[in-house]
Amino acid sequence: LAITLFEDDRGGRVGNGGVKARSKEEEDEKDRVEIVQREAAALEAVKWLRRAAVKGHNAAGNALALCYLKGRGCKRDAAAAQRWWTKAAANSDADSAYNLA
C-alpha cells in the first residue's frame, strides 16, 4: 500500500490524497461546536416535549421527566422529573410508572 504525498496550498507535504490531519486546536473547536449544537437541540426538544406533555401526551411527559432528571436541555431538577412522571403515570403510562418505582 502506497500513500501518495501532495503539497498543500502553503507548500507543505501531506499524505492521504492531500487531506491534512486536523490539529489539536481544530479538533477541540470542532468538539466545542458539537457540544453547543447538541445543547441547542436539547433546549429545542425540551420546549416541544413540554408543549406535548402539557397537552397530555404521556410519552412526552416521560421523556421530559428524563430530561429534567439528567439536566439535558434544562436545569437538573429531580422534583420536576417526579412531577412529570406522576402526571404521565396517572394517565396510565407504564414507562412513567416504572420510572417512579
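Heads up: the structure comes first, above all this text.
Residues numbered from 1 in each chain as written. Predicted model: local features only at pLDDT ≥ 70, side-chain atom pairs only at ≥ 80, totals over all residues. Heavy atoms only, no water.

1. Considering the overall build of the protein
Helix and strand counts for the protein stand at four helices and two strands. Ordered by position from N to C terminus, the α and β elements of the protein give β-β-α-α-α-α. Taken across its 101 residues, the protein has 23% of its residues classed as buried. Surface exposure of the protein reaches about 7500 Å², of which carbon and sulfur atoms provide 55%. (Helix = DSSP H or I, 4+ residues; strand = E, 2+ residues; numbered from the N terminus. Buried < 20%, exposed > 50% of the residue type's maximum accessible area, 1.4 Å probe, protein only. Areas by Shrake-Rupley, 256 points an atom, 1.4 Å probe, with all protein chains shown as cover.)

2. Observations regarding the packing of aromatic side chains
The full count for this structure, using the stated rule, is zero aromatic pairs. Here the guanidinium or amino end of R51 rests over the ring plane of W48, the centre of that ring lying 4.4 Å away. (Phe/Tyr/Trp six-rings, centres within 6.5 Å; stacked < 30°, edge-to-face > 60°. Lys NZ or Arg CZ within 6 Å of the ring centre and 35° of its normal.)

3. With respect to the packing of helix α2 (residues 58–70) against helix α3 (residues 78–90)
The angle between the axes and the distance between the axes are what describe a pair of packed helices. Here α2 crosses α3 at 165°, and the two axes come no closer than 8 Å. Considering their axes alone, α2 and α3 lie roughly antiparallel with respect to each other. In the crossing of α2 with α3, the sense of the turn from one axis to the other is left-handed. On α3, the residues touching N58, G61, N62, L64, A65, L66, Y68 and L69 of α2 are A80, A81, W84, W85 and A88. Residues that form the contact of α2 with α3 fall into these classes: 10 nonpolar, three polar and no charged. (Axes fitted to C-alpha atoms, helices over the stretch in contact; angles between N-to-C directions. Parallel < 35°, antiparallel > 145°, perpendicular 65-115°, else oblique. Left-handed = near helix turned anticlockwise from the far one by under 90°. Contact = heavy atoms within 4.5 Å. Nonpolar A, V, L, I, M, F, W, Y, C, P; charged D, E, K, R; others polar.)

4. Observations concerning α2
In a regular helix each residue adds 1.5 Å, so 13 residues correspond to 18 Å; α2 covers 19 Å between its end C-alpha atoms and thus fits that length. Burial in α2 covers these residues: N58, A60, G61, N62, L64, A65, C67 and Y68. Where α2 is buried, its residues contact α1 (24–54), α3 and α4 (94–100). Positive backbone phi, approximately 70°, marks G71, located one or two places after α2. (Expected span 1.5 Å × (residues − 1).)

5. Looking at the nonpolar core
Of all hydrophobic cores here, the largest spans 12 residues; its members are V46, A53, A60, L64, A65, C67, Y68, C74, A80, A81, W84 and W85. When residues of this core are traced back to their parent elements, those giving at least two are α1, α2 and α3. Ignoring any residue separated from it by four or fewer positions in sequence, one finds V46 in contact with L64, C67, R72, G73 and C74. (Core = buried A, V, L, I, M, F, W, Y, C linked by side-chain atoms within 4.5 Å.)

6. Some remarks on the pattern of salt bridges
Using the criterion set out here, one finds four salt bridges in the structure. With its nearest N and O atoms 3.0 Å apart, the salt bridge here joins K24 to D28. One end of the pair, K24, and the other, D28, are both in helix α1, four residues apart, so they sit about a helical turn from each other. With a closest N to O distance of 3.3 Å, K47 and E44 form a salt bridge. Residue K47 and its partner E44 are located together in helix α1, separated by three residues, close to a single helical turn. (Salt bridge = Lys/Arg side-chain N within 4 Å of Asp/Glu carboxyl O.)

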